[in-house]
Amino acid sequence: MTASAQPNPPGALASLARALRSWRTASVALLSFSSGMPLGLVWYAIPDWMRSIDVDIRIVGLFTLAQAPWAFKVVWSPLMDRYVPPFWGRRRGWMAVTQVALAAFTMLLAGVGRHPEAIWVVGALALAVALASASQDIAIDAYAVEVLRDDEQGAAVGARIALYRGALVVAGGAAITAAGRLGWPTVNLILGLLYLPMLLITWRAPEPEERVVAPASLRDAVWHPFLGFLARHRALEILAFVLLYKLSDQLTQALTRPFLIDMGYNADHRGIALATVGLFATLIGALVGGWVTTLIGLGHSLWVFGLLQIFSNLGYYVVSLAGGPVLPLMYGATSFELFTSGLGTGAFSVLLLRMTQKRFSATQYALFSSLFALPRLLAGPIAGVSVDAMGWSTFFLSTLVMGIPGLVMLARFVPLGVREPVFTVEEAAPRPPLGTAQIALRGALGGLVVGAAGFLLDAALFAVKTMRETKGAFDFWAAVWRLAHPASITDWLELVGVSAFAVISGLFVAALTAARRGAGRNFAAGPGMAGD
């Protein structure tokens, strides 16, 4: 990706107005409500429901494993690129299939919740809901990549995030409240019926203007998305930017609740700051971020919002120096930090849409979104160790420094002053070709190295967690032994996660090797690329 120093296009306000009136924008935004509902059900409502009927807390804890499909959806996303349902098109067909499944599984929950002997059936249905929901997310994200015009992406992203969060509130918080009056069977029935209007929206949603041909084989659906991206100019730098852009923001948010507890704020204060004021600040930030991206351009937005989300951490630094609870200061700091976080998420989500090729939109977008979520997974342990070592005030100042690498990578392909980044494929110096076996061998070795590194990192994080909880010594080898000998479902899930990461990394290394030998240029620059 390189920068194109082109003048600002005329009619930015008119473009935003057209985007807000577009049925394409409305369809993508409304479908995000269907995407957020099952997440609220599985993350919040079902654990609350199980505990309210006196299910053992250890079993309730196991229900959280149903969240796994959202983390691993990139594994089966190539299937949804390769195979096309026989009705409603390549993306809308998959959306319809998953929405029917979500309606059926959610309504089935209504019939088993009051039977203690059916608890494991509830668990199986929760997992089925999560699988169907993760598959629906793949289809909706791919549809957004293919159907939206460039000048519609900003408005659509802001509305998507707002409706997605709204659905989380409905299926999570509002459902829990309603269940106290109506009972969970009735609430689950209502939630299941809510997918019917979503199915109607899917039916009436427009098809993409450009017809995109599906990969010819499953092998192509797995291999070509990696090859097509890595053949682009500075592809590795773009991936580094994806990992680093919101790292400062994610480090700060990882321990916000423990920080406020340590500063003396009670549960009511924290709830208002993070669940009420913070929620609205995030939603408004995402809406404004998407709209402003349309008005001033993606390049300008990434710079402005990137700087704002870094320096917003100074608010928490000031809170840490206050010496005791100061409510106006705390509410102001949390609101501004979450507002700027929403701004950055809005612009960054537009970038993900632009980076994704339409032919491989399911697989590539799932891969990019997984990479985007990776720093959030690591932020908690890193932040915990940092706070323990340096204290809250110094920690928040250090997060400012942690935001600089993301801006450095941004400058590599979007210099200051450039309105829109443009994807390009540049000719590389000819290099000797490699055979299939040689590429596969390098991919396998790369996967083994990354898998081993991931295994050791997971063990180190577990050892740190154990040390902090028990106030004992850092026992790395005990953590390695525990990870190598899984004894619970959670342990097995961690091992599967490391293995899946190793396989994906192996594909990445093999594709990078092939791309550097000139392969994949027809996929990188051919029709169907977002932003063409």
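Residues numbered from 1 in each chain as written. Predicted model: local features only at pLDDT ≥ 70, side-chain atom pairs only at ≥ 80, totals over all residues. Heavy atoms only, no water.

Student: How would you explain the overall build of the chain if you had to name every residue and give the values?
Tutor: The helix and strand tally for the chain stands at 25 helices and 2 strands. Pairs at least 24 residues apart make up 85% of the contacts formed inside the chain by residues separated by at least 6 positions. For the chain, the accessible area works out to roughly 22900 Å², and carbon and sulfur atoms hold 69% of it. (Helix = DSSP H or I, 4+ residues; strand = E, 2+ residues; numbered from the N terminus. Contact = heavy atoms within 4.5 Å. Areas by Shrake-Rupley, 256 points an atom, 1.4 Å probe, with all protein chains shown as cover.)

Student: I'd like a description of the side chain of N313, backed by residues and values.
Tutor: Structurally, N313 is set in the loop between α16 (298–311) and α17 (314–321). By relative accessible area, which is 0% here, N313 ends up buried. Reaching out from N313, the side chain makes a polar contact with the side chain of S248 at a distance of 2.9 Å. If we ignore the near neighbours within four places in the chain, the residues touching N313 are S248, T252, E337, F396, T399 and L400. (Buried < 20%, exposed > 50% of the residue type's maximum accessible area, 1.4 Å probe, protein only. Polar contact = N/O pair within 3.5 Å; in protein donor to acceptor, adjacent residues only side chain to side chain.)

Student: Could you give an account of unusual backbone geometry, with specific residues and numbers?
Tutor: Residues other than glycine seldom take positive phi values, yet W88 does so here, at roughly 65 degrees. Inspection of the secondary structure assignment puts W88 in the loop between α5 (77–82) and α6 (92–109).

Student: Mind laying out the environment of T252, listing which residues take part and the relevant values?
Tutor: Here T252 shows up in helix α13 (residues 247–254). Excluding its chain neighbours within four sequence positions, the residues that come into contact with T252 are N313, Y316, E337, F396 and T399.

Student: Please give an account of the pattern of salt bridges that cites residues and values.
Tutor: On inspection of all chains with the given rule, the structure shows 8 salt bridges. Linking D249 and K246 is a salt bridge whose minimum nitrogen-to-oxygen distance equals 3.1 Å. A residue is classified by how much of its surface remains accessible, and D249, at 2% relative accessible area, is buried. Overlapping salt bridges, with partners in common, bring together D81, R90, R91 and E146 in one network. (Salt bridge = Lys/Arg side-chain N within 4 Å of Asp/Glu carboxyl O.)

Student: Now, about helix α23 (residues 476–484): what can you tell me, with residues and values included?
Tutor: Every buried residue of α23 is listed here: A479, V480, R482 and L483. The buried side chains of α23 occupy one side of the element, clustering within an arc of 165 degrees when seen end-on. In α23, the exposed positions that point more than 90 degrees away from the buried face belong to W477 and W481. (Arc of directions from axis to C-beta.)

Student: Could you give an account of the packing of aromatic side chains, naming the residues involved and the relevant values?
Tutor: Throughout the structure, instances matching the rule amount to 12 aromatic pairs. Plain terms: the ring middles of Y245 and F348 are 5.5 Å apart, the flat faces sit at 10 degrees to each other, and that makes the pair stacked. Taken together, the residues Y245 in the loop between α12 (235–244) and α13 and F348 in helix α18 (residues 327–355) connect sequence positions 103 residues apart. For the pair Y245 and F348, one class covers both residues: buried. (Phe/Tyr/Trp six-rings, centres within 6.5 Å; stacked < 30°, edge-to-face > 60°.)

Student: So what's going on with the packing of α13 against helix α20 (residues 392–402)? Which residues, and what values?
Tutor: Orientation of α13 relative to α20, taken along the N-to-C sense of each, is 160 degrees, at an axis distance of 8 Å. As far as their axial angle goes, α20 and α13 are roughly antiparallel. Between α13 and α20 lies a crossing of right-handed hand. From α13, L247, S248, L251 and T252 reach across to α20, where they touch F395, F396, T399, L400 and M402. By residue class, the composition of the contact of α13 with α20 is 6 nonpolar, 3 polar and no charged. (Axes fitted to C-alpha atoms, helices over the stretch in contact; angles between N-to-C directions. Parallel < 35°, antiparallel > 145°, perpendicular 65-115°, else oblique. Left-handed = near helix turned anticlockwise from the far one by under 90°. Nonpolar A, V, L, I, M, F, W, Y, C, P; charged D, E, K, R; others polar.)

Student: An account of the nonpolar core is needed here, citing residue identities and associated values.
Tutor: Counting 91 residues, the largest nonpolar core has I46, V122, F241, L302, F348 and L410 as its most contacted members. In terms of residue count, helix α7 (residues 119–147) provides more of this core than any other element does, 16 residues in total. Residues contacting L302, with those up to four places away along its chain left out, are F241, Y245, A347, F348, L351 and L410. M263, A273, L338 and A383 belong to the second largest nonpolar core, which has 20 residues in total. (Core = buried A, V, L, I, M, F, W, Y, C linked by side-chain atoms within 4.5 Å.)

Student: I'd love a proper account of helix α11 (residues 218–230), names of residues and values included.
Tutor: Here α11 is 13 residues long and its end C-alpha atoms lie 19 Å apart, about the 18 Å a rise of 1.5 Å per residue gives. At H224, α11 is deflected by roughly 35 degrees, the largest bend along its length, and proline P225 occurs up to four residues later in sequence. Within α11, 10 of the 13 residues are buried, leaving the element largely enclosed by the surrounding structure. Turning to α11, its buried residues are D220, A221, W223, H224, P225, F226, L227, G228, F229 and L230. (Expected span 1.5 Å × (residues − 1). Bend = angle between axes of the 7 residues up to and from the residue.)

Student: Tell me what's going on with the side chain of E146, and back it up with residues and numbers.
Tutor: Relative to the elements of secondary structure, E146 occurs in helix α7. Judged by its relative accessible area of 6%, E146 falls in the buried class. Within the local environment of E146, its side chain forms a polar contact with the side chain of R90, the two groups lying 3.2 Å apart. Engagement of the side chain of E146 in a polar contact is seen with the side chain of R91, the distance being 2.8 Å.

Student: Account for the confidence of the model for the chain, with residues named and values stated.
Tutor: Model confidence for the chain is summarised by a mean pLDDT of 79, while 85% of its residues fall at 70 or above. Segment residues 1–11 is flagged for pLDDT under 50; beyond a separation of four residues in sequence, or across chains, it makes 29 contacts in the model. Note on residues 526–532: pLDDT under 50 across the span, and 19 contacts to partners over four residues away in sequence or across chains. (pLDDT = per-residue confidence, 0-100.)

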